[in-house]
Amino acid sequence: MTHDHPDTSARAVSRPFGRVLTAMVTPFTADGSLDLDGAARLASYLVDEQGNDALVVNGTTGESPTTTEAEKEQLIRAVVGAVGDRAKVVAGVGTNDTRHTIELSTAAEKAGAHGLLVVTPYYNKPPQSGLLRHFTAVADATGLPVMLYDIPHRAGVPIDTETMVRLAEHARIVAVKDAKGDLTATSWVTSRTNLAFYSGEDSLTLPSLAVGGVGVVGTSTHFTGALTKQMIEAYDAGDTATALSLHRRLLPLFTGIFRTQGVILVKAGLVAAGKPAGPVRAPMVDATDDEIAQLRADCAAAGLELPE
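Here is a short report on the structure shown in this document.

About the criteria used
Residues numbered from 1 in each chain as written. Predicted model: local features only at pLDDT ≥ 70, side-chain atom pairs only at ≥ 80, totals over all residues. Heavy atoms only, no water. Axes fitted to C-alpha atoms, helices over the stretch in contact; angles between N-to-C directions. Helix = DSSP H or I, 4+ residues; strand = E, 2+ residues; numbered from the N terminus. Parallel < 35°, antiparallel > 145°, perpendicular 65-115°, else oblique. Left-handed = near helix turned anticlockwise from the far one by under 90°. Contact = heavy atoms within 4.5 Å. Nonpolar A, V, L, I, M, F, W, Y, C, P; charged D, E, K, R; others polar. Buried < 20%, exposed > 50% of the residue type's maximum accessible area, 1.4 Å probe, protein only. Pairing = 2+ DSSP bridges. Right-handed = clockwise from strand over helix to strand, strands pointing away. Phe/Tyr/Trp six-rings, centres within 6.5 Å; stacked < 30°, edge-to-face > 60°. Core = buried A, V, L, I, M, F, W, Y, C linked by side-chain atoms within 4.5 Å. 1 Å grid on protein atoms, 1.4 Å probe; cavity = no way out; pocket = protein on both sides within 12 Å on 5 of 7 lines; lining within 4 Å. Points joined across faces, edges and corners; volume = space filled by probe spheres on them. Salt bridge = Lys/Arg side-chain N within 4 Å of Asp/Glu carboxyl O.

**Describing the packing of helix α3 (residues 98–110) against helix α4 (residues 128–141)**
Then, number 1: Where α3 meets α4, the closest approach of the two axes is 9 Å, and the angle between their N-to-C directions is 25 degrees. Between α3 and α4, the interaxial angle falls into the category roughly parallel. Where α3 crosses over α4, the two elements pack in a sense that is right-handed. Listed contacts from α4 to Thr98, Thr101, Ile102, Ser105 and Thr106 of α3 are His134, Ala137, Val138 and Ala141.
Then, number 2: A class-by-class count of the residues in the contact of α3 with α4 yields four nonpolar, five polar and no charged.

**Regarding the pairing of strand β1 (residues 20–23)**
Then, number 1: Of the two faces of β1, the one lined by Val20 and Thr22 and the one lined by Leu21 and Ala23 are each fully buried.
Then, number 2: In terms of strand pairing, β1 meets strand β8 (residues 215–218) through three bridges, oriented parallel. Within β8, the position partnered with Thr22 by the bridge is Gly218.
Then, number 3: Across three bridges, the pairing between β1 and strand β2 (residues 54–57) is parallel. What sits directly across from Leu21, in β2, is Ala54.
Then, number 4: Crossover connection from β1 via helix α1 (residues 36–48) to parallel β2: handedness right-handed.

**A closer look at the sheet that holds β8**
Then, number 1: Pairing is parallel around the closed barrel formed by eight strands, whose spatial order is β1-β2-β3-β4-β5-β6-β7-β8. For this sheet, the mean angle separating the axes of adjacent strands, direction not counted, is 25 degrees.
Then, number 2: Together, β4 (115–119), β5 (146–150) and β6 (173–178) form the strand contacts of α4, whose direction differs from that of β4 by roughly 165 degrees.

**Describing the packing of aromatic side chains**
Aromatic ring pairs are reported here in terms of the distance separating the ring centres and the angle at which the planes meet.
Then, number 1: Within this structure, the stated rule accounts for one aromatic pair.
Then, number 2: Look at Phe17 and Tyr198: their rings are 6.4 Å apart centre to centre, the planes differ by 55 degrees, and that puts the pair in the tilted class. Of this pair, Phe17 sits in the segment before β1 while Tyr198 sits in strand β7 (residues 196–199), and the two are 181 residues apart along the sequence. Each member of the pair, Phe17 as well as Tyr198, is classed as buried.

**Description of the nonpolar core**
Proteins that are soluble and globular tend to have nonpolar side chains buried together.
Then, number 1: Core analysis: the biggest nonpolar cluster contains 75 residues, and Met24, Val79, Val83 and Leu148 have the highest contact counts within it.
Then, number 2: The residues contacting Met24, other than those within four sequence positions of it, are Ala39, Leu42, Ala43, Leu46, Leu55, Val56, Val57, Thr61, Gly62, Val79 and His222.
Then, number 3: Counting residues in hydrophobic clusters, the runner-up holds 17 residues, among them Ala54, Val90, Val119 and Ala196.

**Focus: empty space enclosed by the protein**
Here the idea is plain: a probe the size of a water molecule rolls over the atoms and shows the empty space left.
Then, number 1: Applying the stated criterion across every chain yields a total of two cavities of 30 Å³ or more.
Then, number 2: Volume-wise, the largest cavity comes out at about 60 Å³.
Then, number 3: For the lining of the largest cavity, the per-class residue count stands at three nonpolar, four polar and three charged.
Then, number 4: Surrounding the second largest cavity, Asp150, Met164, Asp178, Lys180, Asp182, Ala185, Thr186, Val189 and Phe197 form its lining.
Then, number 5: Grouping the amino acids of the lining of the second largest cavity by side-chain chemistry returns four nonpolar, one polar and four charged.

**Let's talk about unusual backbone geometry**
Then, number 1: Here the amide bond leading from Ala282 into Pro283 is cis, since omega sits at 20 degrees, within 30 degrees of zero.
Then, number 2: Relative to the elements of secondary structure, Pro283 occurs in the loop between α11 (262–272) and α12 (289–301).
Then, number 3: One non-glycine residue, Asn58, lies in positive phi territory at about 60 degrees.
Then, number 4: By secondary structure assignment, the location of Asn58 is in the loop between β2 and α2 (69–83).
Then, number 5: With a phi close to 50 degrees, Lys125 is a non-glycine residue in the positive phi region.

**A look at the side chain of Thr61**
Then, number 1: Here Thr61 shows up in the loop between β2 and α2.
Then, number 2: On the basis of relative accessibility, which here comes to 13%, the residue Thr61 falls in the buried class.
Then, number 3: Setting aside chain neighbours within four positions, we find Thr61 in contact with Ala23, Met24, Val25, Thr26, Thr219, His222 and Val263.

**Notes on the pattern of salt bridges**
Then, number 1: Applying the stated criterion across every chain yields a total of twelve salt bridges.
Then, number 2: Here Arg19 makes a salt bridge to Asp236, at a shortest N to O gap of 2.9 Å. Taken together, the residues span a long stretch of sequence, with Arg19 in the segment before β1 and Asp236 in helix α9 (residues 221–236) at a distance of 217 residues.
Then, number 3: Arg19 gets classed as partly exposed once you look at its relative accessible area, which sits at 25%.
Then, number 4: Ionic pairing is found between Asp37 and Arg41, a salt bridge with its closest N-O pair at 3.0 Å. Of this pair, Asp37 and Arg41 both sit in helix α1, four residues apart, which is roughly one turn of that helix.
Then, number 5: Looking at Arg41, the relative accessible area reads 45%, which means it is partly exposed.
Then, number 6: Salt bridges linked by common partners bring Arg15, Arg19 and Asp236 together as one network.

Listed below in structure tokens is the structure:
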């Protein structure tokens, strides 16, 4: 599917994964092993109570660097079994090895995933031609829709605008998790392609909508999902005042969840709320008492209560 340069009029916006997705943490038991029952319960909470249209499993917030391939597959099956009839499950499969990424992609497809999140290869810093080859090879390998993940501050390399435009020609490359923090680049790509842009930074969700974005792949949305969805729906309905009010209300948690690595504070908050989460795996470290106290203050500033 080739996307020609569109005119400047508003185009029909495609939302292949809905409006609100959460990059779900992976619950572990007290001894650090995978908690599949907890994962199913957490997924149900995120979809049924927090209004998520889709969940990303096996992403960085899901501690994918420290889960095994077998655990990744088990997690997909558990989450698809719990919510796959009412939400899409997107599997993080990105690595810095194209062959390994393809192996993870085919395993995710067999496990029942509805889509793939493919991060820019990290650390080895391929050139743009290498990114094009990598993402195309992964998209060719399964029948699943692909969401590119552009996060240069982690990967070391951005997906340039011209590369995005070329990737958009692939029928199965349909979306981008945009954590570049460059709304000008986002504007150019959304004006030249039909890629669905999901903000990869919670606090930039509303500004992203203004330049053609469609939603968010969030972290604070473990707690703010329902209100974030209200914000996006208000913007879609032309009620920008309500959208801005919700953005400002949630800003303390949109940003506060990243005072340290997001997974650390999400798990601390979920534990405090009596939800499945468990500890983090090394090299991550569990939240300190001071960090949990600050998280409570950030939640309160956003009008959300974290139980003592």
